[in-house]
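# An overview of the molecular structure
Listed here are the chains, written in short residue letters.
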Amino acid sequence: MSNIILPINTIEGSLQVVNTIDFAEGLGIQHASIIKTIREYLPAIEKDFGRVRFQIGPFETAGGVQQVNYALLTEDQSLFVGSLSRNSERVVEFKSVLVRSFAEARRRLSNSTPTPSYQIDDPIQRAEAWIREQKEKQALVFENAELKPKADYATKVLDSSNTLITTNIAQELGMSAIALNRLLQEKGVQYKRGGMWNLTAKYNGKGYAKLATFHHPGRDGSSRTEHSLVWTEAGRELIHSLLNPAMTPAAQSVQLATA
C-alpha cells in the first residue's frame, strides 16, 4: 500500500478533494461507516474545515453500477476524519498515503496550466473560471495602465542628455541607488521628505539637480502626479567628487592626457 497514490480530484478551480469511496477502501472499512462518522462529526468538521460536499453519483459496486451517496473531502477534512480512526498498522500507513497523495496532487496542479473556461463542461465551474479569468485580465489592464507611463518616463530620463537618474550614477560607482542615496544624505547633499529626495540648502539652486514631474493613471482611473529628483552633469560631477574623485570628468581628462 505504501506505493499507492489515491485519486485526488480538483474542483472549483483549484480545490483538491478525495472521495469517501476511495477513502474507505484505503482504510479497509465499509463506505457506509465513513459516511456515518462524517455525519456524526459534521458540525465539528464544518466549523473548523469548511463545508463538506455531499454528492450522489454512479459507482461500480458488487451489484453493478449504482447511485451512491458519497462526500468529497478536502485535505484538512480527510486528515481530521482519518484521525478519528483508531491507529493500527493499516491506518497509520493509509494516513501516510493520504498525505503523499495530496502533496503529489499539489505538485501536479502547480505545474499545470489552468483549463480555459470554455473547455469546462460543468456550468458552475465554467462560470467561476470565466470570472477568475476576467479578474486576471482586468488586473493586468490596470497594472499596464499604471506601469507604462512610469516606464515611458524612465526611458525619457535615461535618453536625456541633460539629466540622469540616481541609479545611473550609482552604477558608475558600483553601488545601488539606495546605498548612494544614503551616502548623499550622510554627506548633507540631500534629505528625504514626504517620500521624495530634496537637495539641502547648501546645494539647492546651483544647477546640480532638478525635480521632474510626470503623470500617470492610478488603479482607480484617477490621474496621479509624481515627482523625482534627477541629476544634471554638474550634479553627477559633484557626486563623483564627493565619493570617487578619480571618476570626475576633470580627473579622467588628466588621466587621458598622461596616458
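Per chain, residue numbering runs from 1 following the sequence as it is written. Local features in this predicted model are restricted to residues of pLDDT 70 or higher, and side-chain atom pairs are both shown and tallied only at a pLDDT of 80 or more, whereas totals for entire chains, interfaces and linings draw on every residue. Side-chain measures here rest on the full set of heavy atoms in the structure, leaving out hydrogens and waters.

- Per an unreviewed UniProt entry, the protein chain goes by Phage regulatory protein/antirepressor Ant and derives from Spirosoma profusum.

## Points about the packing of aromatic side chains
- We call Phe, Tyr and Trp rings a pair once their centres come within 6.5 Å, taking the six-membered ring for Trp, and we label the pair stacked below 30 degrees between planes, edge-to-face above 60, and tilted otherwise. One pass over the structure, following the stated rule, counts three aromatic pairs.
- The interplanar angle of 85° and the centroid separation of 5.1 Å between the aromatic rings of F23 and F94 together place this pair among those described as edge-to-face. Linking F23 in helix α1 (residues 20–27) with F94 in helix α5 (residues 89–111), this pair joins segments that are 71 residues apart in sequence.
- Overall, the relative accessible area of 0% leaves F23 in the buried class.
- To sort residues, take the accessible area from a 1.4 Å probe on protein chains only and compare it with the maximum for the residue type: under 20% means buried, over 50% means exposed, and anything in between is partly exposed. In this structure F94 comes out as buried when scored by relative accessible area, which is 0%.
- Judged by centre distance (5.5 Å) and plane angle (45°), the rings of F49 and F80 are tilted. Note on conventions: DSSP H or I runs of at least 4 residues are helices, E runs of at least 2 residues are strands, and numbering of each starts at the N terminus.

## Considerations on the pattern of salt bridges
- Criterion for a salt bridge: a side-chain nitrogen of Lys or Arg within 4 Å of a carboxyl oxygen of Asp or Glu. Per the counting criterion, the structure on display carries four salt bridges.
- The salt bridge partner of R236 is E172, with a shortest N-O separation of 3.0 Å. Of this pair, R236 sits in helix α9 (residues 233–243) while E172 is found in helix α7 (residues 166–172), placing the two residues 64 residues apart along the sequence.
- Among the residues examined, R236 registers a relative accessible area of 14% and is labelled buried.
- On the basis of relative accessible area, E172 is assigned to the partly exposed category, the value being 31%.
- Here the residues in one salt-bridge network are E172, E233 and R236, joined through shared partners.

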